[in-house]
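Residues per chain, in single letters:
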Amino acid sequence: MKVLVSDSLSEEGISILKEHFDVEISTGLSEDELVEKIGEFDAIVIRSGTQLTARVIHAADNLKIIGRAGVGVDNIDVEAATEKGIIVVNAPEGNMLSAAEHTIAMMLSMARNIPRADASLKAGKWERKKFMGVEVNGKTLGIIGLGRIGAEVAKRAQGLEMNILAYDPFITEDRAKELGVELTTVDDIAKRADFITVHTPLTKETRNILDADQFALMKPTARVINCARGGIINEDALADALKSGMIAGAAVDVFTSEPPTDCPFINFDNVVVTPHLGASTEEAQVNVAVAVAEEVISVLSGGQARNTINIPPLKPELASVLTPYINLAETLGSAVSQLMDGNYGKVEIYYNGDIAEKDCRYLTLAALKGILGTIMGSSVNYVNAPAIAKSRDIEVVETKSEKSEEYASSIKIKLSQDSVSKSITGAVVAGEPRIIMIDGQRVDLAPTGYMVVSTHINRPNVIGPCCIVLGENNINISGMQVGRVPIGEKTIMALNVDSELTEDILEKIRHIDGIIDAKLISL
């Protein structure tokens, strides 16, 4: 069998592959060159440089696995790979310690002005007073995102005797206590923390999670760190906060555009910058190369992959039955996760009707991937989703019943924490997924694009003003469903809309008399 390595890869990973397969190393290939070459290979190993577009994947007639030596898979058309039956794997743990250590290094470099002091001394100056620093001992560190890397940062900060605040919608209070951190909100971290570091993937929910509003809450002595993804911190808002003295400093390893040719703060004296070095250690590069090589060897030898981004291959007799429900389960999981406010400690999945007689393990994997992926992005896959849920003390309960009231089969997913819960139910109708119930109220919606879901009091002059707000902002409504309850009681309104709403538009809807809450669901 033949393996193509199309980006630079650690020699340790290449050596392992060469023990089993015919390996060709060809880097810097264009899309046309990949299309011409890919058909003869059984596997391809890439990093961030190679773009595996749908056109390339459609030409990959023999390809069985795509291995990404790293975490992000933005440069792979995963949907096209799935349609073609190609497994996509990544290496989510290989650079974990490297990224955590770089975060601590950036924090200490910023606190003690090390880069500027180094440059000054090498320029022949002796400016001790100019580079007066601050200690981290006894200070409060706020961690936004307490996954693998965030947890490792917390451990190291505790060794520095720092107090730890954390925000993560998937972490329960019990899990936070185990990690020795105080769970709180992003705004509370902004108010209280001396240092703030972000460790989330870049998703719709995490983009600009630190923005002008959060900087306005911070202490003038606060310092922020981004070694995760460019765009999690709003770069323009950060520049304004640094320039005005609203905060004391920043340390940034990642940028919205790389290399950062137009970054507004890159030359500020109170900023430490590095060129995306979070995973740039010899150990991390070996780890991700070896991990992906082992995945390729396992799959091409007829075994299983540990870190599959797309759904594991189904037997043909199951595929035709389960595939529509796998898509439904993942969609429902994503939707209910976006509806839920705050953390949750329990996931309940109910399989009703004919589907309950089938092997529902794939459906549960898909549901968990949808739920957790809302915040954690591509670091969650169909293989590691249960382990991630377990590591965060999230209880997962499956219930099966062969009875179903109106549909041959349906799936209900419920998230809960103490007395707070959100639920959503769906079915497959004429081969297409439908949302048939939200929080116990009947609806009939196609879960596509964007949906506005509001809770409101059933009375006149509520729905109309909501539609007016959307119309005034040039948002087209393509579908509407309203739950039916007696006048004066709480109900649900769900709108299919053709474009994304800004937070300002959602706030206008929330301020309509009778509206209790409104959320945008992106599917």
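The sections below set out a description of the structure shown in this document. (Residues numbered from 1 in each chain as written. Predicted model: local features only at pLDDT ≥ 70, side-chain atom pairs only at ≥ 80, totals over all residues. Heavy atoms only, no water.)

What follows deals with the packing of helix α1 (residues 11–18) against helix α12 (residues 282–300). Running from N to C, α1 and α12 point in directions that differ by 20 degrees, and their axes come no closer than 7 Å. It follows from the interaxial angle that α1 and α12 lie roughly parallel. Crossing handedness for the pair α1 and α12: right-handed. Every residue of α12 that contacts α1 at Glu12, Gly13, Ile16 and Leu17 is listed here: Val286, Ala289, Val290, Ala293, Val296 and Ile297. The residue inventory of the contact of α1 with α12, partitioned by class, reads eight nonpolar, one polar and one charged. (Axes fitted to C-alpha atoms, helices over the stretch in contact; angles between N-to-C directions. Helix = DSSP H or I, 4+ residues; strand = E, 2+ residues; numbered from the N terminus. Parallel < 35°, antiparallel > 145°, perpendicular 65-115°, else oblique. Left-handed = near helix turned anticlockwise from the far one by under 90°. Contact = heavy atoms within 4.5 Å. Nonpolar A, V, L, I, M, F, W, Y, C, P; charged D, E, K, R; others polar.)

Before going further, it helps to examine the nonpolar core. Ranked by internal contacts, the top residues of the largest apolar core, which has 48 residues, are Tyr344, Val347, Leu363, Leu372, Ile411, Ile413 and Ile438. The element contributing the most residues to this core is helix α14 (residues 361–376), with 10 residues. What Ile411 contacts, discounting residues up to four positions off in sequence, is Tyr325, Leu328, Ala329, Leu332, Ile349, Tyr350, Tyr351, Leu363, Ile424, Thr425 and Gly426. Ile189, Ala193, Ile232 and Phe255 belong to the second largest nonpolar core, which has 29 residues in total. (Core = buried A, V, L, I, M, F, W, Y, C linked by side-chain atoms within 4.5 Å. Buried < 20%, exposed > 50% of the residue type's maximum accessible area, 1.4 Å probe, protein only.)

We now examine the side chain of Ser10. By secondary structure assignment, the location of Ser10 is in the loop between β1 (2–5) and α1. A distance of 2.5 Å separates the side chain of Ser10 from the side chain of Glu12, its partner in a polar contact. If we skip the residues at most four places from it in the chain, Ser10 touches Gln285, Val286 and Ala289. (Polar contact = N/O pair within 3.5 Å; in protein donor to acceptor, adjacent residues only side chain to side chain.)

On to the packing of helix α5 (residues 96–111) against helix α7 (residues 148–159), then. Remark: α5 packs on α7, axes separated minimally by 9 Å, with the N-to-C direction vectors making an angle of 50 degrees. Here α5 lies oblique to α7, going by the angle between them. Here α5 runs over α7; the crossing is right-handed. Contacts between α5 and α7 involve Met96, Leu97, Ala99, Ala100, Glu101, Thr103 and Ile104 from the former and Arg148, Ile149, Glu152, Val153, Arg156 and Ala157 from the latter. The residue makeup of the contact of α5 with α7, split by class, is eight nonpolar, one polar and four charged.

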